[in-house]
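# A structural walkthrough
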Amino acid sequence: FFCLRNNTARMPITTQEMRQAIVAEETLNSYTYDIFKLLDDGCKDEPAFLTGWITPATKVSYKAMVASLENQTKREQAATKKGWLQKSLLDCVHQPMLCIQNCEIEQWMTFLTGQDGDKKMSKSTYNTRCSAVHHLFRCHRDLDGYPLEFGRDLGLLKKGLFRIVTTNAQDEGGVSNGEGKIPMSAPLYVKCCEWFLEKGDDASIFCHTFLVLSWNLMCRAKSTSRILWEHLKWDSDCLNIMFAQQKNDAFGLTALHPRRLYANPTNPAVCPVFALALYIATFGGRCSSNDRLFPGTSQYKRFMDGLKELLWEHEVEVKSLLSVKEGEDEGKIEDIGSHSIRKGATKWVSGQPGGPSAISICIRGGWSLGGVKDVYMTYNAEGDAFCGRMLSLMPLLKAEFASSAPEIVDIPLPELQQHVGRVFPAMTDNGPLQPLLHRCLASLAYNKGYVMNWPLSHHVRRNNNLFCDRVLLDKLNKNVKVFYPWDREASHTASLSGIPPHVVLMVDMKKMLEQLGQLVSTRDEAMRNVLNDVFDDRNVANGSISERRMREVITNAQQDMISTQQKNVRKYAKEV
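Residues numbered from 1 in each chain as written. Predicted model: local features only at pLDDT ≥ 70, side-chain atom pairs only at ≥ 80, totals over all residues. Heavy atoms only, no water.

Further remarks concern the overall build of the protein. Each helix and strand counted, the protein has 25 helices and 7 strands in total. Within the span of the protein, comprising 576 residues, buried residues form 42% of the whole. Of all intrachain contacts in the protein linking residues separated by at least 6 positions in sequence, the fraction that spans at least 24 positions is 68%. Carbon and sulfur atoms make up 53% of the accessible area of the protein, which totals about 31,100 Å². (Helix = DSSP H or I, 4+ residues; strand = E, 2+ residues; numbered from the N terminus. Buried < 20%, exposed > 50% of the residue type's maximum accessible area, 1.4 Å probe, protein only. Contact = heavy atoms within 4.5 Å. Areas by Shrake-Rupley, 256 points an atom, 1.4 Å probe, with all protein chains shown as cover.)

Structure (structure tokens):
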């Protein structure tokens, strides 16, 4: 195995590095607390639960580490404990931490259920603690997890444990309708987007973009923070974003499966193209294709700090939009986290009538289908495209669901490139991003009215080159257009993707209604012209018009209009 070091030469990856990467750093951090709880009990002179589990050498090392914490700050203590645990886990192959032969399942289950006293634990908490000890076991030589009999008994006893916990909760009236973070509802998501944009500072624009991308990608916040510029590509009518790696795809086997994101011309607050345009115009410094879209090492924390601050600023309205767990009077802001976005997006796209298939939703969300289904039910571009349109919150039950992204027309490409360079000056050298920048510029111009309602102190209105130049803004706004399938510009509407069959039927109905509207608008004018011709004809009955002649003229005019309309309908039917 080889990897690039400092972009200079390929160096072999050591086995120690491989052992460190068995689990992600965030996962190991979550295991740290539970492993230290086990060590705290097992390293006592008289353990309460785990008698004989810890080796003598580990006890000595652990007590020495604990003694060194005495004069350290909390941050230094956390770093010392984390470093000691990482080193001990790496050395487990040669210096075991556990006496495997002494690890009895009865002791572990007693420790698992008794260490927190009367505090109620959820199913996920028990599973996390079992996962932590599973990782501790597999760090030892000749073990790929739990010892054979230990693992078999644990699986059976956990079923009994969960049944008892659930029964007790039912008897006490404390059954919860869910574990972990609660889903962020679509109305709350829309409100958060609007509130971030109303605040108008650069930190809020960052949080808005991070939130919109996380929702539309239906991904983990970590995946959003790791997007590179080279992962962005405009293709036909949508923005494609690649994921080099996901939690369930450690080897990046699905990296060639793009997630499709669609503009929402009906609601700019939740439009991913508009959000990206604002972000690039605000933070668009010079970058290479290997740079991250959100540079820095703490972008997740930065986003969560901004989201929590926003939620508490609008506490009353937020609580009215939160999901309420059974047994509680109102939703809690503490129950909203980054995973709430992923849960909320999934709940929205899977709960709409006539929405995408469960297979497409699972593949977009990065969930394994298991077994044969993973082999035969694989990624499909149109299924993902439908998910993308749904997640952009375009109206599913209207023909406008099939709209295109805003596009600038009737401006020569060289001139358009100059305008792009003026609005995004630091991005002009990045050739692959030019199609995307054209759409971003069009989105800014299309949403002129929305932006101009913001106060002059707003960051975008104060610092954006486009909104500081009213002449250029007005020119682009007049030349930007959103296309629909019933438009006559067939070259623009032929490439629209992600449109389900029922929306196609609504589009056809929209076309028919427009044609009927044209017929109604021209009927009165046509009849007036016919009657004028009749009254001006002095050769009919010596200047007088009989009732019979009048009926004949009107009938002929109606037949002519019906014949013309039938021709139009037949022509349209052939096109469809």
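Turning our eyes to something else, we now look at the pattern of salt bridges. One pass over the structure, following the stated rule, counts 16 salt bridges. Between Arg152 and Asp153 there is a salt bridge; the shortest N-O distance is 3.6 Å. Classification of Asp153 by relative accessible area gives partly exposed; the value is 23%. A salt bridge links Arg364 to Asp384; its shortest N-O distance comes to 3.0 Å. Of this pair, Arg364 sits in helix H15 (residues 358-365) while Asp384 sits in helix H17 (residues 381-391), placing them 20 residues apart in sequence. Relative accessible area serves as the criterion here: at 4%, Asp384 is assigned to the buried category. Within the structure, one salt-bridge network assembled from shared partners comprises Lys191, Glu194 and Glu317. (Salt bridge = Lys/Arg side-chain N within 4 Å of Asp/Glu carboxyl O.)

This part takes up the confidence of the model for the protein. Taken residue by residue, the protein gives an average pLDDT of 82. The fraction at 70 or more is 81%. Here residues 1-8 is a poorly scored stretch, pLDDT under 50, and it has 18 contacts once near neighbours within four places are set aside; other chains count. (pLDDT = per-residue confidence, 0-100.)

Let us look at the side chain of Ser360. Its location among the elements puts Ser360 in helix H15. Judged by its relative accessible area of 16%, Ser360 is buried. Among the polar contacts listed, one links the side chain of Ser360 to the side chain of Ser357, at a separation of 3.1 Å. Setting aside residues up to four positions removed in sequence, Ser360 forms contacts with Gly383 and Cys387. (Polar contact = N/O pair within 3.5 Å; in protein donor to acceptor, adjacent residues only side chain to side chain.)

Right, let's get into the nonpolar core. Formed by 100 residues in total, the largest nonpolar core has its most connected members in Tyr189, Leu232 and Phe424. Among all residues touching Phe424, those that are not within four sequence positions of it are Ala277, Ile280, Ala281, Leu437, Cys440, Leu441 and Leu444. By size, the runner-up hydrophobic cluster in this structure holds 38 residues, among which are Cys92, Trp108, Val133 and Phe137. (Core = buried A, V, L, I, M, F, W, Y, C linked by side-chain atoms within 4.5 Å.)

With that out of the way, let us pick up the sheet that holds strand E3 (residues 232-235). Read from one edge to the other, the open sheet built from 3 strands follows the order E3-E4-E5, with strand pairing classed as antiparallel. Each edge of the open sheet is held by one strand with a lone partner, namely E3 and strand E5 (259-261). With direction set aside, neighbouring strand axes in the sheet form an average angle of 35°. As paired strands, E3 and strand E4 (residues 238-241) are joined by 4 bridges and run antiparallel to one another. The residue of E4 that forms the bridge with Leu232 is Ile241. (Pairing = 2+ DSSP bridges. Axes fitted to C-alpha atoms, helices over the stretch in contact; angles between N-to-C directions.)

Moving on: the packing of aromatic side chains. If you walk through the whole model with that rule in mind, you get 22 aromatic pairs. On the basis of an interplanar angle of 70° and a centroid distance of 5.4 Å, the ring pair of Tyr450 and Trp454 is categorised as edge-to-face. We classify Tyr450 as partly exposed; its relative accessible area is 26%. Given a relative accessible area of 7%, Trp454 falls into the buried group. Following the ring pairs from residue to residue traces out a cluster consisting of Phe49, Trp53, Trp108, Phe111, Phe137, Tyr146 and Phe150. A cation over an aromatic ring shows up here: Lys81 above the ring of Phe36, its NZ or CZ 4.8 Å from the ring centre. Across the ring face of Phe206, the terminal group of Arg302 is positioned such that the distance to the ring centre comes to 3.9 Å. (Phe/Tyr/Trp six-rings, centres within 6.5 Å; stacked < 30°, edge-to-face > 60°. Lys NZ or Arg CZ within 6 Å of the ring centre and 35° of its normal.)

Moving on, we come to the environment of Met452. Tracing the backbone through its elements, the reader meets Met452 in helix H20 (residues 448-452). With 15 residues separating them along the chain, Met452 and Phe467 place their C-alpha atoms 8.3 Å apart. Every residue in contact with Met452, bar those within four places of it in the chain, is listed here: Arg461, Phe467, Arg470 and Leu473.

What follows concerns the packing of helix H8 (residues 186-199) against helix H9 (residues 202-217). For the pair H8 and H9, the least separation of the axes is 8 Å and the interaxial angle reads 155°. Compared by their axis directions, H8 and H9 come out roughly antiparallel. The handedness of the crossing between H8 and H9 is left-handed. Where H8 approaches H9, its residues Ala186, Tyr189, Cys192, Cys193, Phe196, Leu197 and Lys199 are matched on the opposing element by Ser204, Cys207, His208, Leu211, Val212, Trp215 and Asn216. Here the contact of H8 with H9 is built from residues that sort into 10 nonpolar, 3 polar and 1 charged. (Parallel < 35°, antiparallel > 145°, perpendicular 65-115°, else oblique. Left-handed = near helix turned anticlockwise from the far one by under 90°. Nonpolar A, V, L, I, M, F, W, Y, C, P; charged D, E, K, R; others polar.)

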